[in-house]
Amino acid sequence: MKNPLLRAAKNGLTFRDVPVQDLTYAVWSAACVLLTLCQFYASMRHQLFFAEARAGVIQAEPPWSAPLDDVFIHLDFARSNAGGAPFEWSPGNGYSSGGTSLLYPWVLALGYWLGYPDSNMMIWAGVVAFIGGWSLLWFARHLVSSLPSYARLVLPPLLLSVGALNWSLASGMEVAFFLGLWGLSFSAWVQLIASLKAPSAGAVVQASVLLGAACALLVATRPEATVLVACFVLTAMLAALRARRSLRLSLKLLLWGSTPGACIVLAQHAANRFFTGSWSAAGALVKVELNNPFMTAAEKFGAWWSHVGYQVLRVTNHHFSERLFSVGGVPLSLGWLLWLLAVVPLFLRKTRQAAALLWLSSLSWTLVVALNGQVRWQNERYSMPAVAWLLLNAGTGFAILLSFVPLGAAPSVRNWCRQFKTPRGSLSVLLALTGLSAVSAFAVCQFPRLQGQLWFYGRASRNIHEQHVQVGRRLQALEPKPKRVLLGDAGAIPFVSNLPALDIIGLGGYHQLPFARASRIGLGAALELVQRLPERDLPDIMAIYPSWWGDLPIWFGTELFAVPVRGNVICGGPSKVVYRTDWTALRESVAVYPMKPGERLVTELDFGDLVSEHSGNFQFGGSPGYVHMKLLPHPLHPERDYWDAGREIAAGSAARFELTGLRAGAPSRLQWLFASPHDARLTITVDGQELAPVELKGTGEWLLRTSRLPTTPHDLRLELRASGGSVTLYHLWALQGSDTP
């Protein structure tokens, strides 16, 4: 057993055999992590005390909160997991693929099983953050195992020197836990590299299995970690080939190292497909630019590359240090010193291999998270794992520079000083002073950033508490008790109110209704899905930012109250407004066509409704298909309102779909619903035969138009083309009479 702490525990939980330097490092790293977390939690408690004082409800024990509403989304999942409804964001909604982590909510669920109440779950999240942060540092000691024992002591303070990273570690998100698991995987990787020197192939296979198990936990925490698994496994395979091990053994290494993580990914996609109807997770559908239906391939690449550059410059020139000067239009700061220090381990043979792994991890992670369109938000938390690996490399580089000074190597002070009179000794002092100067300059510039992040953490927690938490409390006290609340990507409100919720953005999910894809193409598409909800599940309350949702609160809500936030730095708007909903227009918007004697409705296509469009195999050609919605007087009963959403066909573009279930030979007609703000023409082709075009007048009101079908096969394949301006298709009904015309 190579680990001295585990060997000591096995021999009776004594530490007589544990090297003093290991104990010192363990205590030192634990103290650094604990002090860092306590600083941020103290800032939060300080701000929340003033928030409670302002509200006139000072409690004996100040409350706990979090700087991100997404933390409460994890807690929503954790409470469901602990309550026997795994992977369910809100009661009654079924399986949700909208969580950013599969494993982390289960770790938080342990807090419930240990007896933590809802109000103190952030304390348990802090315990998990401490364990994760300390684990990362403990396993990271392998980076400097070949250096003098004192050199490793620089790793904890340098890793925890960047306020933005500490902010994420203390946030309650999965960052600290994820980095702890990365440290576990790194330790397994180190053992695998060491096993390549053993003559037995069994040791390599055993180490590969351990690496695969650790990587599986990593992927279960963050699916993006598949690129990290590739870094671990491929670098290990390269090391095996360089060690002249057999190709067969290298393939076994690849198999055992990557298969568990791949199985996790495949199982998640299969579960997503089975429970939601989509292979992709809801978060990917909502946030990843590759899933943006309105962007061209060139625009997607441009957005991705922009996010890559943003991460590098934002982290270096803002989070590492203040911008000081510009060279050739490129902003530079002393934050680039960390990048220089991170390069140093690549020049030393004993640290090169691990340093290369850290560089690959940092770069690959940066490239992957750049696909996320929200990488710019939430204090760049998506980029923080890459920052942690960069800092570990920089800490290793600083330790290398310090290790050139032979502290304690000379038998006397006189001999020790004599060593520095040689050219080699002078170079050692120069290198050590260079490292100290670089780190000191960085520390001077980073300290104001750290202070700012402490304040920002407390203020963000206060914002969430003053707005989201207070909305949840007021909803909990409403009479009669709401049955379901409609939200826009909010976790604290359902967590505090303990009410069922519907996330109109789609991250929360609702059985197999594709809210995530619908929200990407427009609010109208999401409301088409709300229209499909059973009466018992319709939200009777909305808690939203009005500026996000256009006409939604005007058409379907009556304001009850608003909860403002003062000094906002994190919330999506100055006020979260709560409405009582009225879905009358939505529920009555079923059919507006005039039925003739002897006719019956055979099939219909509700444009903008993804479920209906899927059933009709609806496709676009040359148009992104924006979704619009209208609430206008009913075309047949003007005293009532009629709501519908529709797809826009741009001029020169085409739409294709199918209608099935018609009886061959029966007289048939198509009833169209439009609401055109301008004159336009719609050309209709049925099974290759062109019908009379539909002429539209720009009245802005609902328009009913009829197309008669000369012959009717069992199935129809239609192609629509717009000319003279875009045409928005709202609804189509296929009606048939008796078999005799």
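Refer to the structure printed above.
Here is a short report on the structure shown in this document. Since we're looking at a predicted model, the values are computed, not measured.

The secondary structure content of the protein amounts to 24 helices and 20 strands. Overall, the C-alpha framework of the protein stretches about 115 × 70 × 60 Å when taken along its three principal axes. The buried share of the protein, taken over its 741 residues, is 55%. For the protein, the share of sequence-separated contacts (at least 6 apart) that also reach a separation of at least 24 residues comes to 73%. Averaging the positions of the 60 positive and the 45 negative side-chain charges in the protein gives two centres separated by 18 Å.

Another aspect to go through is unusual backbone geometry. Pro-480 follows Glu-479 through a cis peptide bond whose omega is -5 degrees. Inspection of the secondary structure puts Pro-480 in the loop between helix H18 (423-476) and strand S3 (485-487). For Asn-379, which is not glycine, the phi dihedral falls at a positive 60 degrees. Note on placement: Asn-379 falls in the loop between helix H15 (349-369) and helix H16 (384-403).

Here we take up the pattern of salt bridges. Any two side chains of opposite charge can pair if their charged atoms end up close together. In the structure shown here, the tally under the stated rule is 17 salt bridges. Across the salt bridge formed by Arg-462 and Glu-466, the nearest N and O atoms sit 3.3 Å from each other. On the criterion of helical spacing, the pair formed by Arg-462 and Glu-466 is a turn pair, its members being four residues apart in helix H18. With respect to class, Arg-462 is no different from Glu-466; both count as buried. For Asp-537, the salt bridge identified is with Arg-484, shortest N-O distance 3.5 Å. Here Asp-537 is found in the loop between helix H21 (523-530) and strand S5 (541-544), whereas its partner Arg-484 is found in the loop between H18 and S3, with 53 residues between them in sequence. Just as Asp-537 is buried, Arg-484 falls in that class too. If you follow the salt bridges from partner to partner, you end up with Glu-174, Arg-222 and Glu-224 in one network.

Applying the stated criterion to the full structure yields 39 aromatic pairs. Look at Phe-274 and Phe-275: their rings are 5.0 Å apart centre to centre, the planes differ by 90 degrees, and that puts the pair in the edge-to-face class. Among the residues examined, Phe-275 registers a relative accessible area of 39% and is labelled partly exposed. Connected via pairs of aromatic rings, a cluster forms that spans Phe-178, Trp-182, Phe-186, Trp-189, Phe-232, Trp-365 and Trp-389. For Arg-152, the ring lying beneath its charged end belongs to Tyr-25, and the centroid distance is 5.8 Å.

Analysis parameters
- Residues numbered from 1 in each chain as written.
- Predicted model: local features only at pLDDT ≥ 70, side-chain atom pairs only at ≥ 80, totals over all residues.
- Heavy atoms only, no water.
- Helix = DSSP H or I, 4+ residues; strand = E, 2+ residues; numbered from the N terminus.
- Buried < 20%, exposed > 50% of the residue type's maximum accessible area, 1.4 Å probe, protein only.
- Contact = heavy atoms within 4.5 Å.
- Lys, Arg positive; Asp, Glu negative; His and termini not counted.
- Charge placed at Lys NZ, Arg CZ, Asp CG, Glu CD.
- Salt bridge = Lys/Arg side-chain N within 4 Å of Asp/Glu carboxyl O.
- Phe/Tyr/Trp six-rings, centres within 6.5 Å; stacked < 30°, edge-to-face > 60°.
- Lys NZ or Arg CZ within 6 Å of the ring centre and 35° of its normal.

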